[in-house]
Amino acid sequence: MSNKRPETKLVPVPSVNKIPERDVDKSPILEAQHLGIDFGGLTAVNEFNMAIGRTEIAGLIGPNGAGKTTVFNLLTKVYQPTRGTILLDGLDTAGKTTAQVNRMGIARTFQNIRLFDNLSVEDNVKIGMHNTIHSGMLSSVLRLPSYWREEKIAHQRALELLSLFDMQDLANAKAGSLPYGAQRRLEIVRALGTNPSLLLLDEPAAGMNPSETAELMENIVKIRDTFQIAILLIEHDMSLVMGICEGICVLNFGQIIAKGTPTEIQNNPEVIKAYLGNGKEV
Amino acid sequence: MKQYFKTMKTATKVDYATYAGVVLAFVIVMLCQSMGLLSRSITGMLVPICCYICMSLSLNLTVGVLGELSLGHAGFMSVGAFTGIITSMCLSASVSSELVRIVLSLVVGTIFAAVVGLVVGIPVLRLRGDYLAIVTLAFGEIIKDIINCLLVGWDERGLHIALNFDGTKSIDSLGLSENGIEIIKGAQGASGNDRIATFVVGFVLVMITLIVVLNLVRSRTGRAVMAIRDNRIAAESVGINVTKYKLIAFVTSAALAGAAGALFGLNYSSVSAAQFDFNTSILVLVYVVLGGLGNMWGSIIATVVLYVLPEALRQFSDYRMLVYAIVLILVMLATHNPILRSFFTRLFRREKEDGSAVRAVKGGGSHE
């Protein structure tokens, strides 16, 4: 599989946002409008507008403390936004909880890995598939046929998902005992288990070496192609962001300072200033 | 068959071994009893041991699997015991079969304890932090005080219940007819009960509790509960309704404690609320902690050993509890000793190595 993509053209949707050209006849999977949150007197994120196409890989970058993870926490309702609207597949997520938003189709990974350390790798994935398995408490306590049927399907599906990352041999290992890279991959598999339409990856390449990062890039593209879902990722590794993201959003001090394709972002004076400063102050 | 056994997961093997162990213990005890090898004091301990095994298994569901501390488990036992006694006494005239009566009493005790667990759990389990410990601690005391002022009687007109909060009422104020039965007499508790609990019923209850707990843990529901224990935020992020699953685990735990309580109540001719105090809750917690959090067979063994131990130590007379405490400390030191642990790990490794690709890949990283 190659990472080469045809040059993407971003086209505007009816709001102030842009999505890739191929997704334009469908509504965006996610649209954030005028999103903002205040912690006491501090405005952490303000006027965040972003649309993501149905099969887009989008990037969210910015210097440390710009508010990238806060945006993720807003989208997944870990924080309730102070202002603005989040439309997921055209549905307003106002007043929903994290679990409800996940059932609507947003899955995420965490910057500091949050696995279920004491459980096996397979159980971690099965927990991700929680809402796709339907056996209730009664059928599991009585071990009714429906329990065995659902467990068998879950087992096969979990191994299938793990095989995406060649992790099926680790299915019985304890999640907490996995090496760092495998834990990051397991988090992605667990998120995929929830059957999302939008996957949020918070620094998926953190702590990885260049060859692992290259493999991860291939895998992210593979996930998008296999599941036909949208992916939004926060990343500091510019080779990854510029290599696979179609649309990039640059955040600084809680404000969007630039949006566009990788080429546009690379040449944007505002972005260069945010990352490197403007020579005059020195 | 052999192939099937090989492909089974370690957890499943442990489950089956636990069932087999309990059945084996039951068979041995029954054989000894039929041959007359058991003394009266041991025979008298059989049913309470079954009750306490159910208690520690159910508490292990809250403390070990859900990861929330409950300090009022005896409160649920108490609810089960007294509702069970009331049911059994009310039915004593109309239902002649003791087995039917005891089953009905256990069911009623279970239901009432579950309802009380739901009432306690709904507000508390929405909170994050150690609030459950505080609230269950208070709950245990409140239940004790309420039952201390409870007056219950039964006659042809039905059940009479009065609460003696101001100390002015007595059992006579219920106005029972001549052949009415006085069931609960305030602080005296319930006395003159039929002792209909048997060891066989106790064994069946232990098996049911074990099956419910183990099957729950190895299911979708149990995985969700353990996910909440391990990482609440991640559990929410994969769409698990945290309050719902905390409540399921806690109410199941309370219901099983209610069943254990009902059996306990039906084993004694006289039961008072003071028996189900904070010390009882802590006693069960000690069984669970020493047996290992989340480890069901550990709970069973710890319960049996620690229940029998004080009796076995009678020869030390006054120093009995002192020796008991020393034994507890020694067990704790032994189970947390890294040298002993690694010894046991080495002992069991050979069995674990076969057919597990994990070890080959991981180079021996994970031990359970």
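Residues numbered from 1 in each chain as written. Chains lettered and ligands numbered in written order. Predicted model: local features only at pLDDT ≥ 70, side-chain atom pairs only at ≥ 80, totals over all residues.

K.L.:
Explain the overall build of chain B here, please?
P.N.:
Along chain B, the regular secondary structure elements total 15 helices and five strands. Against the compact-globule benchmark of 21 Å for 368 residues, chain B has a radius of gyration of 22 Å, which places it among compact chains. Per-residue burial over chain B gives 42% buried out of 368 residues. Across chain B, the fraction of contacts at a sequence separation of at least 24, relative to all contacts at a separation of at least 6, is 76%. (Helix = DSSP H or I, 4+ residues; strand = E, 2+ residues; numbered from the N terminus. Rg over C-alpha atoms; globule rule 2.2 N^0.38 Å. Buried ≥ 20, exposed ≤ 12 C-beta atoms within 10 Å, placed from the backbone. Contact = placed C-beta atoms within 7 Å.)

K.L.:
Just checking my understanding: could you explain the pairing of strand β5 (residues 57-61) of chain A for this structure?
P.N.:
The side chains of a regular strand alternate between the sheet's two faces. Residues and elements named next belong to chain A. Most of β5 sits inside the fold, with five of its five residues counted as buried. In β5, alternate side chains face the same way, and those of Ile-57, Gly-59 and Ile-61 on one face and Ala-58 and Leu-60 on the other are all buried. Direction of pairing for β5 relative to strand β10 (residues 230-234): parallel, over a ladder of four bridges. The residue of β10 that forms the bridge with Gly-59 is Leu-233. (Pairing = 2+ DSSP bridges.)

K.L.:
Looking at this structure, how should I read the domain arrangement of chain A?
P.N.:
All names here are of chain A. Splitting chain A by domain gives domain 1 (1-105 + 196-282) and domain 2 (114-195). One C-alpha centre belongs to domain 1, the other to domain 2, and the line joining them spans 27 Å. Contact with domain 1, which involves 12 residues of that partner, is made by 10 residues of domain 2. Top element by residues in the side of domain 1 that touches domain 2 is helix α7 (residues 210-227). It accounts for four residues. (Domains from an automatic or database assignment.)

K.L.:
Before we go on, may I ask you to explain the nonpolar core in this structure?
P.N.:
Note on soluble globular proteins: their nonpolar side chains tend to be buried together. Of all hydrophobic cores here, the largest spans 176 residues; its most connected members are B:Cys54 and B:Leu263. The dominant element in this core, judged by the number of residues it contributes, is helix α10 (residues 242-265) of chain B, at 15 residues. Residue-level mapping places this core at the junction of two domains, with at least three residues from each of domain 1 (1-105 + 196-282) and domain 2 (114-195) of chain A. With near-sequence residues (within four places) excluded, B:Leu263 lies in contact with B:Val47, B:Cys50, B:Cys51, B:Leu106, B:Ala197, B:Val201, B:Gly202 and B:Leu205. (Core = buried A, V, L, I, M, F, W, Y, C linked by C-beta atoms within 7 Å.)

K.L.:
Quick question: what am I supposed to make of the sheet that holds strand β3 (residues 30-39) of chain A here?
P.N.:
Across a sheet, paired strands are connected by hydrogen bonds in the backbone, their directions being either parallel or antiparallel. Residue and element names in this part refer to chain A. The sheet built from four strands is open, its strands ordered β4-β3-β6-β7 with antiparallel pairing. In the strand order of this sheet, the two ends are held by β4 (42-52) and β7 (91-92), each with one partner. Pairing between β3 and β4: seven bridges, direction antiparallel. Each bridged residue has a counterpart across the sheet, and for Leu-30 the counterpart in β4 is Ile-52.

K.L.:
I tried to follow unusual backbone geometry on my own but got confused; where do I start?
P.N.:
Across the chain, the bulk of peptide bonds are trans and the bulk of non-glycine residues have phi less than zero. Residues and elements named next belong to chain A. Of note in the backbone geometry, Lys-77 takes a positive phi value of approximately 65° without being a glycine. Looking at the element boundaries, Lys-77 is found in the loop between α1 (68-75) and β6 (83-88). Given 23 C-beta atoms within a 10 Å radius, Lys-77 is considered buried. The residue Asp-89 is not glycine, and still its phi comes out positive at about 55°. Locating Asp-89 in the fold gives a position in the loop between β6 and β7.

K.L.:
Can you help me understand the sheet that holds strand β12 (residues 255-260) of chain A in this one?
P.N.:
Residue and element names in this part refer to chain A. In space, the six strands of this open sheet follow the order β8-β9-β10-β5-β11-β12, with mixed pairing throughout. Taken across any chain shown, the strands that pair with only one partner, and hence form the sheet edges, are β8 (106-108) and β12. If you compare each strand with its neighbour and ignore which way they point, the axes differ by 20° on average. The sheet strands contacting α1 are β5, β8, β9 (198-202), β10 and β11 (247-252), and the helix crosses β9 at an angle near 150°. (Axes fitted to C-alpha atoms, helices over the stretch in contact; angles between N-to-C directions.)

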